[in-house]
Structures are given as structure tokens and as C-alpha cells.
Amino acid sequence: QVQLVESGGGLVQAGGSLRLACAASGRTFSNYAMGWFRQAPGKERDFVAAISWRGGSSTLYGDSVKGRFTISRDNAKNTVYLQMNSLNPEDTAVYYCAASPTAFPSARAAPYNYWGQGTQVTVSS
């Protein structure tokens with residue numbers, strides 16, 4: 001199995017930044033596409049960003065975060081990151097890291113077989 005553990009969430013003021021990290025173990029991390037999703041209270045799970053197993057060669061971003069968030073990965077450290085800038089209160093959600101046993105990123109949740117426990121991000125105005 002693949003174990004994913006998110007970290008880096010917290011409370012930040014609007015306009016601020018946070019950097020989330022997702023540490024993976026159990027399988028060959030470099031062969032998994034990785035994604036970030038988020039879910040706010042009372043809302044559906046939304047796609048945030050994804051990256052291919054090759055790293056920065058192929059990335060996807062949700063429309064609401066494009067230009068503000070950046071996904072990256074360090075296969076040597078078995079870690080994927082989400083740099084979040086220009087945060088606003090609508091970014092408040094639980095953020096989940098997910099792993100897909102494919103080489104290509106996806107904006108859909110279905111290809112992701114493994115999920116972390118989530119980390120809370122709260123943006124105050």
C-alpha cells in the first residue's frame with residue numbers, strides 16, 4: 001500500500017501564503033502521479049492540482065487556483081508540495097493529497113487510489 005501524510009496546513013490571513021507537503025511511503029513514489037484536492041464544509045470535493053510521475057513536465061490546475069498555486073515534487077524525498085500564494089477565504093478547506101498508479105495527472109478523483117488524511121487550511125479576512 002501507499003501511505004500519504006499531509007502537513008503544513010494552518011491559519012493564515014487573506015493574501016498570505018502556505019506551503020503544504022505530502023510525504024509518501026510504501027510504494028515506488030516516482031511512478032505515481034500525485035494530486036491535491038480540497039473540500040470545504042458542505043461542499044463537494046474539488047480538484048486543486050496534479051503532477052505527473054516525471055515531475056514538472058506535466059501539471060494540471062483547477063481554474064480557481066491557477067496562477068496562485070504551484071505543485072511540485074521531489075522524488076528523492078518522496079514528497080509532493082503545494083505552494084499556495086495570494087490566499088483568500090474561499091481557499092478555506094481540508095486539503096487532501098492523493099496518489100494515482102499512472103504516469104499522467106488527472107483532475108478527476110477516480111484514478112487516485114490512495115489518499116492522505118487531510119490537513120486543514122483556514123484563511124481569515
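Note that this is a predicted model, so its numbers are computed, not measured.

1. Comments concerning the environment of Gln3
Then step 1. Following the sequence through the fold, Gln3 ends up in strand β1 (residues 3-7).
Then step 2. Considering only alpha carbons, one finds Gln3 and Gly26, 23 residues apart in sequence, at a separation of 6.2 Å.
Then step 3. Ignoring anything within four residues of it in the chain, the contact list for Gln3 reads Ala23, Ala24 and Ser25.

2. Here's the deal with unusual backbone geometry
Then step 1. A positive phi angle is found at Asn78, which is not glycine, with a value near 55°.
Then step 2. Its location among the elements puts Asn78 in the loop between β7 (69-74) and β8 (79-84).
Then step 3. The backbone phi angle of Ser86 is positive, close to 50°, even though this residue is not glycine.
Then step 4. For Ser86, a relative accessible area of 42% puts it in the partly exposed group.

3. Quick notes on the sheet that holds β8
Then step 1. Pairing within the open sheet is antiparallel, and its four strands lie in the order β1-β3-β8-β7. Each having just a single partner strand, β1 and β7 make up the two edges of the open sheet. Strand-to-strand, the axes of this sheet are offset by a mean angle of 15°, without reference to chain direction.
Then step 2. Note that strand β3 (residues 18-25) and β8 share six bridges and pair antiparallel. By the bridge assignment, Arg19 is partnered in β8 with Gln83.

4. A word on the state of the cysteines
Then step 1. Scanning the entire structure with this criterion turns up one disulfide.
Then step 2. One disulfide in the model links Cys22 with Cys97; its S-S distance is 2.1 Å. Sign of the S-S torsion, about -80° for the bond between Cys22 and Cys97, identifies this disulfide as left-handed. Separated by 75 residues along the polypeptide, Cys22 in strand β3 and Cys97 in strand β9 (residues 93-100) bring together distant segments of the chain.
Then step 3. Among the residues examined, Cys97 registers a relative accessible area of 0% and is labelled buried.

5. As for the side chain of Arg68
Then step 1. Following the sequence through the fold, Arg68 ends up in the loop between β6 (55-61) and β7.
Then step 2. Assessed through its relative accessible area of 16%, Arg68 is described here as buried.
Then step 3. Here the side chain of Arg68 touches Ser64 through a polar contact of 2.8 Å, landing on its backbone oxygen.
Then step 4. Arg68 has contacts with Gln83, Met84, Asn85, Ser86, Leu87, Asn88 and Asp91, leaving out every residue within four places of it along the chain.

Procedures and definitions
Residues numbered from 1 in each chain as written. Predicted model: local features only at pLDDT ≥ 70, side-chain atom pairs only at ≥ 80, totals over all residues. Heavy atoms only, no water. Helix = DSSP H or I, 4+ residues; strand = E, 2+ residues; numbered from the N terminus. Contact = heavy atoms within 4.5 Å. Buried < 20%, exposed > 50% of the residue type's maximum accessible area, 1.4 Å probe, protein only. Pairing = 2+ DSSP bridges. Axes fitted to C-alpha atoms, helices over the stretch in contact; angles between N-to-C directions. Disulfide = S-S within 2.5 Å. Polar contact = N/O pair within 3.5 Å; in protein donor to acceptor, adjacent residues only side chain to side chain.

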